[in-house]
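# A look at the structure
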Amino acid sequence: QVQLVESGGGLVQPGGSLRLSCVTSGFTFSTYAMRWYRQAPGKERELVASITSNGGSTNYEDSVKGRFTISRDNAKNTVYLQMNRLKPEDTAVYYCYAWVLLHNYWGQGTQVTVSS
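For every chain, the first residue of the written sequence is number 1, and numbering continues from 1 along that sequence. At least 70 in pLDDT is required for a residue's local features to be given in this predicted model, at least 80 for side-chain atom pairs to be given and counted, and no such filter applies to totals for whole chains, interfaces and linings, which use all residues. Side-chain measures here rest on the full set of heavy atoms in the structure, leaving out hydrogens and waters.

## Focus: the nonpolar core
Cut-off, in case you're wondering: In these notes, a set of buried Ala, Val, Leu, Ile, Met, Phe, Trp, Tyr and Cys residues joined through side-chain atoms within 4.5 Å is what counts as a nonpolar core. Classification of residues uses two cut-offs on accessible area relative to the type maximum, computed with a 1.4 Å probe and protein chains only: under 20% is buried, over 50% is exposed, and between them is partly exposed. Helix and strand labels come from DSSP, where a helix needs a run of H or I of at least four residues and a strand needs a run of E of at least two; each type is numbered from the N terminus. In this description, contact between two residues means that some pair of their heavy atoms is separated by no more than 4.5 Å.
Counting residues in hydrophobic clusters, the biggest one holds 29 residues, and the most contacted among them are Phe27, Met34, Trp36, Val79, Leu81, Met83 and Tyr94. Contributing elements (two or more residues each) for this core: β3 (18-25), β4 (34-39), β5 (46-51), β7 (68-73), β8 (78-83), β9 (92-100) and β11 (110-114). If you tally residues by element for this core, the top one is β9, at five residues. In this view, Leu81 contacts Leu18, Arg19, Leu20, Trp36, Val48, Ala49, Phe68, Thr69, Ile70 and Tyr94; residues no more than four positions away in its chain are not counted.

Quick look at the structure:
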């Protein structure tokens, strides 16, 4: 079955960096686009970044452009989210997402807290 497992979250001071990882299994990772979403307390889940199957194209939510970078390693079935210059408003649970064979799949989420 399809599985998405995130890791790499934690507590970081404003201006700091974190790298999230999402290890996948159960589908042919290299043929599917991947996304990162986040959900802050009391807010709706929002799309943060997306990447095409071969990594050739990426897109970002406006507030993270220039600070976050999505990437993937198809040999490791893993997608990453490098987050730099973090701000308190980046605090949220971050989720990995894949749409595989007409089904939505989510990871369990990883908490990112930006606070001094």
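## Here we look at the pairing of β4
Two faces make up the sheet, and in a regular strand the side chains alternate between them. Here is the rule we go by: Pairing between two strands is assigned when DSSP locates at least 2 bridges connecting them.
The pairing of β4 with β5 spans five bridges and is antiparallel. Bridging across to β5, Arg38 finds its partner in Glu46. Here β4 runs beside β9; their pairing, made up of five bridges, is antiparallel. Its bridge partner lying in β9, Tyr37 is registered against Tyr95.

## Here's the deal with the packing of aromatic side chains
Our working rule: Only Phe, Tyr and Trp rings are paired, with Trp represented by its six-membered ring, and only when their centres lie within 6.5 Å; those with planes under 30 degrees apart are stacked, over 60 edge-to-face, the remainder tilted.
Taken as a whole, this structure holds six aromatic pairs when the rule is applied. Where Phe27 meets Tyr32, the ring centres are 5.7 Å apart and the plane angle is 75 degrees; that geometry is what we call edge-to-face. Note on accessibility: Phe27 and Tyr32 belong to one class, buried. Between Tyr37 and Trp106, the ring centres sit 4.9 Å apart and the planes meet at 65 degrees, which makes this aromatic pair edge-to-face. Residue Tyr37 is located in strand β4, and its partner Trp106 is located in strand β10 (residues 103-106); the two are separated by 69 residues in the primary sequence.

## Thoughts on the side chain of Ser21
Topologically, Ser21 is positioned in strand β3. Ignoring sequence-local partners within four residues, the contact set of Ser21 consists of Val5, Glu6, Ser7, Trp36, Thr78, Val79 and Tyr80.

## Quick word on the state of the cysteines
Each disulfide consists of one covalent bond between the sulfur atoms belonging to two cysteines. Going by this rule: Any two cysteine sulfur atoms lying within 2.5 Å of each other are counted as a disulfide.
Considering all chains together, one arrives at one disulfide under this definition. Each disulfide pairs two cysteine sulfurs, and for Cys22 the partner residue is Cys96, the sulfurs being separated by 2.1 Å. Judged by the torsion about the S-S bond (-80 degrees), the Cys22/Cys96 disulfide is left-handed. Taken together, the residues Cys22 in strand β3 and Cys96 in strand β9 connect sequence positions 74 residues apart. Judged by relative accessible area, Cys22 falls into the buried class, the value being 0%.

What is shown is where atoms sit, not what they do.
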